[in-house]
Amino acid sequence: MELNSFLLMRHEILLFSIILLLLIAELFLPRNKKSSMIHLALVFFGIHTAVGFLPLAEGSLFGGMFRSNEMIHFFKGVLNIGVFTLLLQSAQWLEKNMLKQDRGTEFFLLLFASLLGMYFMISAGDFLMFYIGLELSTLPVAALAAFEIMKRESGEAAVKFILSAALASGVSLFGISMLYATNGSIYFEDIMSTLTATNLTLLGFILFFAGLAFKISLVPFHFWTADVYQGAPISIASYLSVISKGAAAFILMILLFTVLKPLMHVWEPLLYILALATMFTGNLFALRQQNMKRFLAYSSIAQAGFILLGLVTGTQLGTATVVYFVTIYIFSNLAAFGVVQAISSQTGKENMKDYEGLYRTNPKLSLVMMLALFSLAGIPPVAGFFGKFFLFTAAASKGYYLLVFLAVVNVTISLYYYLLVIRAMFLRKGENPIPFFKSKIYMKLGLFIAVMGMLALGLYSPLYDYIYELSAAFN
Amino acid sequence: MIPGVSITEILTLTSILFFIGVYGFITRKNLISILISVELILNSSVVNFVVINKYLYPEMLQGMVYSIFIIAVAAAETALAVAIIINIYRRLSSVEVRETETMKY
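These numbers were taken from a predicted model, which means no experiment stands behind them.

1. Regarding the overall build of chain A
Secondary structure summary: chain A contains 19 helices and 2 strands in total. For a compact globule of 475 residues, the expected C-alpha radius of gyration is about 23 Å, and chain A comes in at 21 Å, within 12% of that figure. Overall size of chain A, expressed as C-alpha extent along the three principal axes, is 65 × 55 × 45 Å. Looking at the 475 residues of chain A, the share that counts as buried comes to 65%. Partitioning the intrachain contacts of chain A with sequence separation of at least 6 by distance along the chain shows that 81% fall at a separation of at least 24.

2. Topic: the overall build of chain B
If you tally the helices and strands in chain B, you get 4 helices and 0 strands. The linear arrangement of helices and strands in chain B, starting from the amino end, is α-α-α-α. A globule of 105 residues ought to have a C-alpha radius of gyration of about 13 Å, yet chain B, at 17 Å, is considerably larger. Looking at the 105 residues of chain B, the share that counts as buried comes to 42%. Within chain B, contacts between residues separated by at least 24 positions form 55% of all contacts whose residues are at least 6 apart in sequence. For chain B, the accessible area works out to roughly 5900 Å², and carbon and sulfur atoms hold 69% of it. If the 7 positive side-chain charges of chain B are averaged to one point and the 7 negative ones to another, these points end up 10 Å apart.

3. Focus on helix 13 (residues 316-347) of chain A
Residue and element names in this part refer to chain A. Along its 32 residues, helix 13 runs 46 Å from first to last C-alpha, staying within 8% of the 46 Å computed at 1.5 Å per residue. In terms of burial, helix 13 is a largely internal element, 28 of the 32 residues being buried. One or two steps after helix 13, the chain reaches Gly-348, where phi turns positive at roughly 80°.

4. Details of the environment of Ile191(A)
All names here are of chain A. On the secondary structure map, Ile-191 appears in helix 7 (residues 188-194). For the pair Ile-191 and Thr-258, spaced 67 residues apart in sequence, the C-alpha separation works out to 9.9 Å. Residues contacting Ile-191, with those up to four places away along its chain left out, are Phe-127, Asn-183, Ser-185, Ile-186 and Val-259.

5. So, the interface of chain B and chain A
Interface size, as often reported, equals the accessible area lost upon joining of the parts. Taken together, the 42 residues of chain B in the interface contact 47 residues of chain A. Between chain B and chain A, roughly 3800 Å² of surface is buried when both sides are summed, and carbon and sulfur atoms account for 71% of that area. For the pair chain B and chain A, the interface holds 0 salt bridges. For the pair chain B and chain A, the interface holds 6 residue pairs in polar contact (both at pLDDT 80 or more). Take the side of chain B that touches chain A: its biggest share by element is 17 residues, from helix 3 (residues 62-92) of chain B. Grouping the constituent residues of the side of chain B that touches chain A by class yields 26 nonpolar, 11 polar and 5 charged.

6. Quick word on the UniProt feature "transmembrane region" (unreviewed entry) in chain B
All names here are of chain B. In this numbering, the UniProt entry assigns the feature "transmembrane region" (unreviewed entry) to residues 6-26, 31-52 and 64-89. Helix makes up 95% of residues 6-26 and strand 0%, with an end-to-end C-alpha separation of 31 Å. Annotation note: span residues 31-52, helix share 100%, strand share 0%, distance between end C-alpha atoms 32 Å.

7. Examining the environment of Ile122(A)
Residues and elements named next belong to chain A. Among the secondary structure elements, Ile-122 is positioned in helix 4 (residues 104-122). By relative accessible area, which is 0% here, Ile-122 ends up buried. For the pair formed by Ile-122 and Gly-133, sequence separation is 11 residues and the distance between their alpha carbons is 8.1 Å.

8. Structural notes on a negative patch on the surface
A surface patch of like charges, here negative, comprises Glu58(A), Glu70(A), Asp465(A) and Glu469(A). Turning to its location among the elements, Glu58(A) is positioned in the loop between helix 2 (36-51) and strand 1 (59-61).

9. Observations concerning the confidence of the model for chain A
Looking at chain A as a whole, the pLDDT averages 87, with 99% of positions reaching at least 70. Mean pLDDT in chain A bottoms out at strand 1 of chain A, which sits at 81, and peaks at helix 5 (residues 127-145) of chain A, which reaches 92.

10. Digging into the UniProt feature "domain: NADH:quinone oxidoreductase/Mrp antiporter transmembrane" (unreviewed entry) in chain A
Cross-referencing UniProt, the feature "domain: NADH:quinone oxidoreductase/Mrp antiporter transmembrane" (unreviewed entry) maps to residues 124-413 of chain A in the present numbering. Helix makes up 80% of residues 124-413 of chain A and strand 0%, and the two end C-alpha atoms of the span are 38 Å apart.

11. Some thoughts on the environment of Ile84(B)
Structurally, Ile84(B) is set in helix 3. Of the residues examined, Ile84(B) reaches a relative accessible area of 5% and is grouped as buried. Setting aside anything within four residues of it in sequence, one finds Ile84(B) in contact with Ala142(A), Ala146(A), Gly155(A), Ala158(A), Val159(A) and Ile162(A).

12. Concerning the pattern of salt bridges
Residues and elements named next belong to chain A. According to the stated counting rule, one finds 8 salt bridges over all chains in the structure shown. For the salt bridge of Lys-160 with Asp-227, the shortest nitrogen-to-oxygen distance reads 2.8 Å. Pair noted here: Lys-160 is in helix 6 (residues 152-183) and Asp-227 is in helix 9 (residues 223-231), with a separation of 67 residues, a long-range link. When sorted by exposure, Lys-160 lands in the same class as Asp-227, which is buried.

13. Some words on the nonpolar core
Core analysis: the biggest nonpolar cluster contains 216 residues, and Phe107(A), Phe127(A), Phe130(A), Phe250(A), Leu260(A), Met369(A) and Tyr66(B) have the highest contact counts within it. At 19 residues, helix 10 (residues 234-259) of chain A tops the list of elements feeding residues into this core.

14. Some thoughts on the packing of aromatic side chains
All names here are of chain A. Summed over all chains, the structure comprises 40 aromatic pairs over all chains. The structure contains a cluster of three or more aromatic residues connected by ring pairs, namely Tyr-324, Phe-385, Phe-386, Phe-389, Phe-390, Tyr-464 and Tyr-468. Between Lys-261 and the ring centre of Phe-257, over which it is positioned, the NZ or CZ distance is 5.6 Å. Positioned over the ring face of Phe-306 is Lys-388, at 4.6 Å from the centre of the ring.

15. Looking at the packing of helix 2 (residues 31-56) of chain B against helix 3 of chain B
When two helices pack together, their arrangement is given by the angle between their axes and by how far apart the axes lie. Residue and element names in this part refer to chain B. It is the contact of helix 2 with helix 3, at a shortest axis distance of 8 Å, that shows an interaxial angle of 175°. By the angle between their directions, the pair helix 2 and helix 3 is classed as roughly antiparallel. The residue inventory of the contact of helix 2 with helix 3, partitioned by class, reads 15 nonpolar, 5 polar and 3 charged.

16. Here's the deal with unusual backbone geometry
Residues and elements named next belong to chain A. For Phe-62, which is not glycine, the phi torsion reads 55° and is therefore positive. For Phe-62, a relative accessible area of 36% translates into the label partly exposed. Unusually for a residue other than glycine, Ser-217 sits at a positive phi of about 50°. If you trace the backbone, Ser-217 turns up in the loop between helix 8 (199-215) and helix 9. What makes Ser-217 buried here is its relative accessible area of 1%.

Conventions adopted
Residues numbered from 1 in each chain as written. Chains lettered and ligands numbered in written order. Predicted model: local features only at pLDDT ≥ 70, side-chain atom pairs only at ≥ 80, totals over all residues. Heavy atoms only, no water. Helix = DSSP H or I, 4+ residues; strand = E, 2+ residues; numbered from the N terminus. Rg over C-alpha atoms; globule rule 2.2 N^0.38 Å. Buried < 20%, exposed > 50% of the residue type's maximum accessible area, 1.4 Å probe, protein only. Contact = heavy atoms within 4.5 Å. Areas by Shrake-Rupley, 256 points an atom, 1.4 Å probe, with all protein chains shown as cover. Lys, Arg positive; Asp, Glu negative; His and termini not counted. Charge placed at Lys NZ, Arg CZ, Asp CG, Glu CD. Expected span 1.5 Å × (residues − 1). Buried area = accessible area lost by both parts, 1.4 Å probe. Salt bridge = Lys/Arg side-chain N within 4 Å of Asp/Glu carboxyl O. Polar contact = N/O pair within 3.5 Å; in protein donor to acceptor, adjacent residues only side chain to side chain. Nonpolar A, V, L, I, M, F, W, Y, C, P; charged D, E, K, R; others polar. UniProt positions renumbered as here; feature names shortened; annotations may be inferred. Patch = residues over 30% accessible without salt bridge, like charges linked within 9 Å, V, L, I, M, F, W, Y side chains within 5 Å. pLDDT = per-residue confidence, 0-100. Core = buried A, V, L, I, M, F, W, Y, C linked by side-chain atoms within 4.5 Å. Phe/Tyr/Trp six-rings, centres within 6.5 Å; stacked < 30°, edge-to-face > 60°. Lys NZ or Arg CZ within 6 Å of the ring centre and 35° of its normal. Axes fitted to C-alpha atoms, helices over the stretch in contact; angles between N-to-C directions. Parallel < 35°, antiparallel > 145°, perpendicular 65-115°, else oblique.

So, in structure tokens, the structure goes:
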């Protein structure tokens, strides 16, 4: 094994060195200069994001435990942009609340550690690497959810998250042990060639699937979502709903389409039912929410149902549309959470009622919010429309007409509650609307990247063609 | 391999452990007991991995290695969970689920 073959792990090595550099900087920076940590972390991560887009070879390391190809490489780049945008958006909150307690650096360390876990998870080549990646991506987020230690809800959210995450990973481990018993190996390559649908395998698969379903909050495992999103700091809610869910959906897609392909006749009907249940539950619960974070939580549950719509097909078109949709979803949700973050870090208001009359006082913010919600709902000029349209095409091409019809019904329901927010912002006058305020430059940049991402993905079609080309790797 | 004990018996034991864990997770009212139930689930899969390795595929050590990693990660998980629970206890002087819960529906 040559030393330069380790360059296949370039993303991981770079991110790990950033974590070490930040630790050293934290040690040696004088106390009164701690606010420069934020700029330092942003600059480091910006460089990492930019370097991440340089081309990378395909291949595998450590006897197949770690593998990388162009699709995985591309998705890591998307995750990088997502995290970078999120950091820009949360800089203001960090500066205002966390620097006083001298806790700015921990935020970055934990967040980057979790991202590192996600890298390992999506390029895992066996179940051991997958499990370690999953845990490394989950545990720091639990610590981050408890970050506002003075707030009671923050602790409650963290304890709910860590206990349900531990249960989910325990259950999926039990499932993995059954897959190991029937196949005699934990490597994806070996399992793919020996997997047959016996009773033990099916039980193992179902238990294993439960663990991942928890991560993307599919319906029987969605109870933690709303509470954790509401209690945790907004950046963490945003991270959970955007980066964490995106990475989990991506690895679920890889596993279903490659390793678990022999069980396709089992997981197809399973995903069919879960997709319907997730969409309906998410949408119907979102109708009655007043808190914006809770509202976005249920909306993100519903979006997970749409992701399943693409997974159920199991074709190359399905892969491409799922990656495309997840990428769009990342940008749209980042924009929506960014506006909530901007308003909350200025005024502390998080309820839908407080948003009344926002257009009169803060027209730019409400325009960004409108674009984000249109994209989540799937209204033309913005990217969300194309994402949903392609998903429906993929599902219809396999003959799931009833599923597509019910999904369209769900789009209509979701349109209603997204428009409720837009009505509050644009049409209602409101008794005491949020006064005009100017956001910091980082926040503006963060919102700008998210909006540009939404528009570019929708209007610039070569991006979709590019994703479609890459998706050949998994079929 | 233990003489006189077949793999079926051990797997039955771990399955029972697993379901005790799940049952405890659902019914317990105290955060620490819920954490202990989760540990039961994790440990049942640790035993599973070791036994399957030893009885069915003794030529490779994959299951053993896996179980060591599970133990290490489970320790980290418990440490973090206990830290969070202590933090809650400091604020509320209670670790009962009913008293910590404010957010519903």
